[in-house]
Amino acid sequence: MHEVSLVIGLARQLERICDEHGAQRVTHFELEIGALSNVVPKLLEDAIEVVSAEVDVMRDAEVVVHEVQLELHCRDCGSITHPESFTFGCPACGSTAVRAEKGEELLLRHVELEIDDLQDEDRDGPSMPSG
Amino acid sequence: MSELRQIHLKESLLKANDFVASTMRDRFGSQGSFVVNLLSSPGSGKTTLLEKALPKLQERHSVLVLEGDLETERDAERIRGVGVRALQMTTGGACHLEAHQVQQTWERIADDGPWDFVFIENVGNLVCPASYDLGEHLRTVLLSVPEGEDKPPKYPKAFHSSQQMLITKVDLLEHFDFRVDEVERLAKELRPDIDIHHVSAKTGDGVDAWIESLLSARERLFAAS
């Protein structure tokens, strides 16, 4: 339900990254979505499709969503486990001193930018797209 | 000619929200305000519990409520009805509050303080609000007896991210097939150290104990800083 809000935020991030690198557009980007991130990957992809049509720098960009499963590290016995359900206990020793090392991600991890190689004679260049 | 450039990064999609939230948490703390973010489904009794608890808390402390709703001032009006200052934040249909909304509202009210306690009543929804840090010091999730036992595994993030859980409307326990032990077990699977209280805004059971837990949480926070 908040996927559209997230993607609008993502669009601002991509615009900022383009600005920083003097890029005209994003051709490809990758996200990491943890099982416990509260985001439904399919809904996120749908929201990206809708939002990117309205945002110059991300229009037609390819997107890859990596789903990340929960990974618990036990502070007592050192086990690393990947429980199917969200149970914050160590399946090996029963300790509740576990930390979610993975599974809460909601990350932009890779962006491919297209940067026009402007020659000196083209100083005015194309104007920067705005969102 | 154009070139393709690869940028590797690990940037949270919630970076902007989290930055504002963290700034606000520092501001709240420096102004002596202990901030509680209340999460629950619609109808779990957040407003009713505040109506019952806050007049007592206000006998010795200054209290402010920030009400988050899709539309209308109804909840803020109910809180004002028991003599507690309340501001409404309408999200215009959005399913959750974000930190910048809290920041904008705080700009309007901070000078009227200091506020010892600020309660943010989030939009009734156990999904989206769980992802947004509002700069609170304590996140409290409410689960009412009529909702049933299985809310924690259905909404894991809400329970995993909360330090405190209130089982509300416990006066209705005799009418529902609701095993308190089972709910507590399910919540602790998601958050082993979650602080659980049983309350009834109708009979007043557990309300004082909840207020005590807030007073000591505030004391711990400001003793530590």
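Description of the structure in this document. Predicted model, so just to flag it, every value in this text is computed and none were measured. (Residues numbered from 1 in each chain as written. Chains lettered and ligands numbered in written order. Predicted model: local features only at pLDDT ≥ 70, side-chain atom pairs only at ≥ 80, totals over all residues. Heavy atoms only, no water.)

Within chain A one finds 2 helices and 6 strands. Tracing chain A from N to C terminus, the helices and strands come up as α-β-α-β-β-β-β-β. Across the 131 residues in chain A, those meeting the buried criterion constitute 47%. Relative to all contacts within chain A whose residues are 6 or more apart in sequence, the contacts with residues 24 or more apart total 71%. Taken as a whole, chain A presents about 6,700 Å² of accessible surface, with 46% of it coming from carbon and sulfur. (Helix = DSSP H or I, 4+ residues; strand = E, 2+ residues; numbered from the N terminus. Buried < 20%, exposed > 50% of the residue type's maximum accessible area, 1.4 Å probe, protein only. Contact = heavy atoms within 4.5 Å. Areas by Shrake-Rupley, 256 points an atom, 1.4 Å probe, with all protein chains shown as cover.)

Residue and element names in this part refer to chain A. Spatial ordering of the open sheet is given by β4-β3-β5, a layout of 3 strands whose pairing is antiparallel. Of all the strands in the sheet, the pair left with one neighbour each is β4 (80-81) and β5 (98-102). Strand direction decides the pairing type here: strand β3 (residues 71-74) and β5, joined by 4 bridges, are antiparallel. The residue bridging Cys74 from the neighbouring strand is Val98, located in β5. (Pairing = 2+ DSSP bridges.)

This part covers unusual backbone geometry. Across residues other than glycine, the phi torsion is negative in most instances, and most of the peptide bonds are trans. All names here are of chain B. Residue Pro114 follows Gly113 across a cis peptide bond; omega there is 5 degrees. Within the fold, Pro114 resides in the loop between α4 (99-109) and β5 (117-121). Of note in the backbone geometry, Thr72 takes a positive phi value of approximately 70 degrees without being a glycine. Backbone geometry at Lys169 places phi at a positive 60 degrees, although glycine is not the residue there. Here Lys169 is to be found in the loop between β7 (164-168) and α7 (180-190). For Lys169, a relative accessible area of 27% translates into the label partly exposed.

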